[in-house]
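# Tertiary structure, described
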Amino acid sequence: MIKELDVVLTPMEAGVAEKLKSFVARKLKLKSEDINGVRFIKKSIDARRMDVKIQGRVRVFIGEEEKVIYDITPFKEACKDSVIVVGSGPAGLFASLTLLEHGYRPIVLERGKDVHKRRVDTATLSRDGVLDTESNYAFGEGGAGAFSDGKLYTRSVKRGDVNKVLSLFCQHGASQDILSDAHPHIGTDKLPRVIENIRNTIIKYGGEVHFGTKVTSLIRKGDSVVGVRCQDGSEFRGPVILATGHSARDVYRFLHEEGYSLEAKDVAIGVRLEHPQILIDEMQYHSANGRGLYLPAASYRFVTQVRERGVYSFCMCPGGFVVPASTEENALVVNGMSPSNRGGRWANSGMVVQLKREDIPYQDTLGMMRYLEEIERNCFMNGYKAPCQRMGDFIQNKESTSLPKVSYAPGVVSRKIDEVLPEIITSRLRDGFNDFGRMTRGRFITNDAVLMAPETRTSSPVRILRGEDFTQLEGLYPVGEGAGYAGGIVSAALDGIAAANILIGKKEN
Ligand SMILES: Cc1cc2nc3c(=O)[nH]c(=O)nc-3n(C[C@H](O)[C@H](O)[C@H](O)COP(=O)(O)OP(=O)(O)OC[C@H]3O[C@@H](n4cnc5c(N)ncnc54)[C@H](O)[C@@H]3O)c2cc1C
């Protein structure tokens, strides 16, 4: 028998399997031995009061085997037409899985390397400061989502079936906890295996995955796109799902040169802010002892308005580290990620300010992209060492005479952030921090926290236009974050799924 039950628990009752079982047994007036398993189907932390509670709903397996709590998607042998999927980030991979559900053959073309070789290249960048421009934190199997925090929280529930995306992740090896946690995440240590399993599914059912295959132009026949041409001269024919992400600036350039419809987009840019995790735990769990043994590393989310521009925290990584996310030579970009246990000493998040097209000097289609490139080059002054300033010093506009130890492996150099980012950003960031300080009775602001610059890849600076049916021209489906229609792993996956479903619908009607 299976029963469901709403629960409010102490962190220890939620965190220790035997304690949870005893709690549930008491509630259901059963013996612990009668219960074979207890699984959360909803779980969140209520940290509004000193006495932090875990609340949610559990499924209890009484006298029967514990089962998976998600639906398994069946795939079919690919015996129908081929579809070219450019890019193996979440948008491309989930589009490919959707094609296979209906028996279509995804031909995945990926400029970078497989996820395991990629890990070696990102380590080389962090350790030796040597960038592989085709295999890094943005390019390669799994896309920008592979070495990320793997946060799977999205507000874009109207875009499609979020549960389906989470279930497909579970089917490929992610923990079932992602189905119940209010803010699910997989973790950078677990993601590569999940991505490899997705690749194995694609190949098992007759799809193809080609690494080191960079698409450099689209093949046109009249008003239709009928395939792609790659850097090595090879060509692949079929309708094209273009899922190349927001860092593929060469793709925007060739699309622009070839006359496809693009438009400049607003973005948000700023810094990575890093605190010692213990300070965030103390602030969020109202305890001088931090989070104790059973609570997860605490996170935060801030948003305010400063002179008609949003200032907000972005992609918070509790227990994580800051990484060099550059894709181009002589240009610096920082980002953040965390492992599944979020056990690191630091907490980081992007702290960004909305940047509108009218805020910058370039008004042409690729102008916002060039503006970001300039900032990234401006920050590259000591190789991949990041310009860095203490938070209190930044607020007081003082140079930092010393810097604390940070998680960012290539290292940092003391620099006023005002010298490397535009005033329109830094002045609002300063006022935004003061707002966040007021919201937390000053606890968020500390000179033990540092700012590292620049955080420039929060979203795409260009939109690849498409109609209601996801196409720009017949046979061209621009999708995911790079096309400007998604932001984050789940929304990119949902966009890929939606595009593939439309493509299949057209073929079958
Ligand atoms: C360090 C880091 C941490 C992040 N953390 C999170 C997080 O915790 N949660 C979250 O929701 N989001 C996170 N993000 C953002 C998230 O990864 C992206 O929103 C998401 O990956 C976008 O998916 P996509 O498929 O649209 O594009 P991408 O993931 O960018 O994938 C695009 C793919 O296309 C390939 N490609 C590009 N050009 C070509 C070409 N010409 N030919 C062939 N292949 C090409 C690229 O190599 C890449 O694999 C993070 C990003 C980074 C960099």
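In what follows, the accompanying structure is described.

Reading the values: the criteria
Residues numbered from 1 in each chain as written. Predicted model: local features only at pLDDT ≥ 70, side-chain atom pairs only at ≥ 80, totals over all residues. Heavy atoms only, no water. Near = heavy atom within 4 Å. Polar contact = N/O pair within 3.5 Å; in protein donor to acceptor, adjacent residues only side chain to side chain. Areas by Shrake-Rupley, 256 points an atom, 1.4 Å probe, with all protein chains shown as cover. Nonpolar A, V, L, I, M, F, W, Y, C, P; charged D, E, K, R; others polar. Domains from an automatic or database assignment. Pairing = 2+ DSSP bridges. Helix = DSSP H or I, 4+ residues; strand = E, 2+ residues; numbered from the N terminus. Axes fitted to C-alpha atoms, helices over the stretch in contact; angles between N-to-C directions. 1 Å grid on protein atoms, 1.4 Å probe; cavity = no way out; pocket = protein on both sides within 12 Å on 5 of 7 lines; lining within 4 Å. Points joined across faces, edges and corners; volume = space filled by probe spheres on them. Salt bridge = Lys/Arg side-chain N within 4 Å of Asp/Glu carboxyl O. Buried < 20%, exposed > 50% of the residue type's maximum accessible area, 1.4 Å probe, protein only. Right-handed = clockwise from strand over helix to strand, strands pointing away. Patch = residues over 30% accessible without salt bridge, like charges linked within 9 Å, V, L, I, M, F, W, Y side chains within 5 Å. Core = buried A, V, L, I, M, F, W, Y, C linked by side-chain atoms within 4.5 Å. Contact = heavy atoms within 4.5 Å.

### Points about the site of the ligand
- Contacts to the ligand come from 36 residues, most closely from Glu110, Gly140, Ala144, Glu481 and Ile489.
- In this structure, a nitrogen atom belonging to the ligand sits 3.0 Å away from a main-chain N or O atom of valine 215.
- Within the backbone of glycine 488, one N or O atom sits 2.9 Å away from an oxygen atom of the ligand.
- In isolation the ligand offers 1,000 Å² of accessible surface; the protein chains occlude 94% of this area.
- Of the residues assigned to the shell around the ligand, the class counts are 15 nonpolar, 15 polar and 6 charged.
- Here the shell around the ligand gathers at least three residues from each of two domains, domain 2 (82–263 + 461–508) and domain 3 (266–455).

### As for the sheet that holds strand E1 (residues 2–9)
- Read from one edge to the other, the open sheet built from 3 strands follows the order E1-E3-E2, with strand pairing classed as antiparallel. Unpaired on one side and paired on the other, E1 and strand E2 (35–46) mark the two borders of the sheet. Within this sheet the neighbouring strands show an average axis-to-axis angle of 20°, counted without direction.
- Both E2 and strand E3 (residues 53–62) contribute to a ladder of 10 bridges, which runs antiparallel. Its bridge partner lying in E3, aspartate 46 is registered against lysine 53.

### A look at empty space enclosed by the protein
- A full pass over the atoms with the stated rule returns 1 cavity of 30 Å³ or more.
- Put simply, the largest cavity is a space of about 80 Å³.
- Lining the largest cavity are Gly89, Pro90, Leu93, Phe94, Gly142, Gly145, Ala146, Phe169, Leu191, Ile195, Ile198 and Ile489.
- Listed by contribution, the elements that provide at least two residues to the lining of the largest cavity are helix H3 (90–101) and helix H6 (191–204).
- Residues belonging to the lining of the largest cavity are distributed by class as follows: 9 nonpolar, 3 polar and no charged.

### Some words on the pattern of salt bridges
- Counted under the stated rule, the structure contains 39 salt bridges.
- Here aspartate 431 ties to arginine 307 by a salt bridge, and the two come within 2.7 Å at their closest N and O atoms. Separated by 124 residues along the polypeptide, aspartate 431 in helix H11 (residues 423–439) and arginine 307 in the loop between strand E13 (303–306) and strand E14 (309–317) bring together distant segments of the chain.
- Several salt bridges share partner residues, and in doing so they unite Glu4, Asp6, Arg57 and Arg59 into one network.

### Topic: the pairing of strand E4 (residues 82–86)
- With 4 of 5 residues buried, E4 lies mostly within the body of the structure.
- Pairing analysis gives 5 bridges linking E4 to strand E5 (residues 105–109), with the strands arranged parallel. Bridging across to E5, isoleucine 84 finds its partner in isoleucine 107.
- Following the chain from E4 across H3 to the adjacent parallel E5, one finds a crossover that is right-handed.

### Some points on the pairing of strand E18 (residues 386–390)
- Burial of E18 is extensive: 5 of the 5 residues sit out of reach of the surface.
- Here E18 shows two buried faces, one formed by Ala386, Cys388 and Arg390 and the other by Pro387 and Gln389.
- Relative to strand E19 (residues 412–414), E18 is paired through 3 bridges, and the arrangement is parallel. Within the sheet, the bridge partner assigned to cysteine 388 lies in E19 and is serine 414.
- Relative to strand E20 (residues 450–455), E18 is paired through 3 bridges, and the arrangement is antiparallel. Following the sheet pairing, glutamine 389 is matched in E20 by leucine 451.

### Description of the sheet that holds strand E8 (residues 224–230)
- Spatially, the 3 strands line up as an open sheet ordered E7-E8-E9, and their pairing is antiparallel. For this open sheet the edge positions go to strand E7 (215–221) and strand E9 (235–237), each flanked by a neighbour on one side alone. Each strand axis lies, on average, 30° off the axis of its neighbour in the sheet, ignoring direction.
- Judged from the 6 bridges that link them, E7 and E8 form a sheet pairing that is antiparallel. Its bridge partner being in E8, arginine 220 is matched across the sheet by valine 225.

### Section: a nonpolar patch on the surface
- A cluster of nonpolar side chains, namely Met12, Leu293 and Tyr294, defines an oily patch on the protein surface of about 320 Å² accessible area.
- Looking at the secondary structure, you find leucine 293 in the loop between helix H8 (277–285) and E13.
- In this structure leucine 293 comes out as exposed when scored by relative accessible area, which is 76%.

### Examining unusual backbone geometry
- The omega torsion of the bond from alanine 453 to proline 454 falls at -5°, within 30 degrees of zero and hence cis.
- Its place among the elements puts proline 454 in strand E20.
- Phi is positive for histidine 286, close to 50°, though the residue is something other than glycine.
- By secondary structure assignment, the location of histidine 286 is in the loop between H8 and E13.

### Looking at the nonpolar core
- Counting residues in each nonpolar core, the largest one holds 69 residues, and the members touching the most others are Val24, Met351, Phe433 and Phe444.
- Beyond its immediate chain neighbours, meaning those up to four positions away, phenylalanine 433 contacts Leu273, Met351, Met391, Phe394, Ile395, Ile445 and Leu451.
- Listed in part, the 60 residues of the second largest apolar core include Leu93, Tyr137, Ile489 and Ala493.

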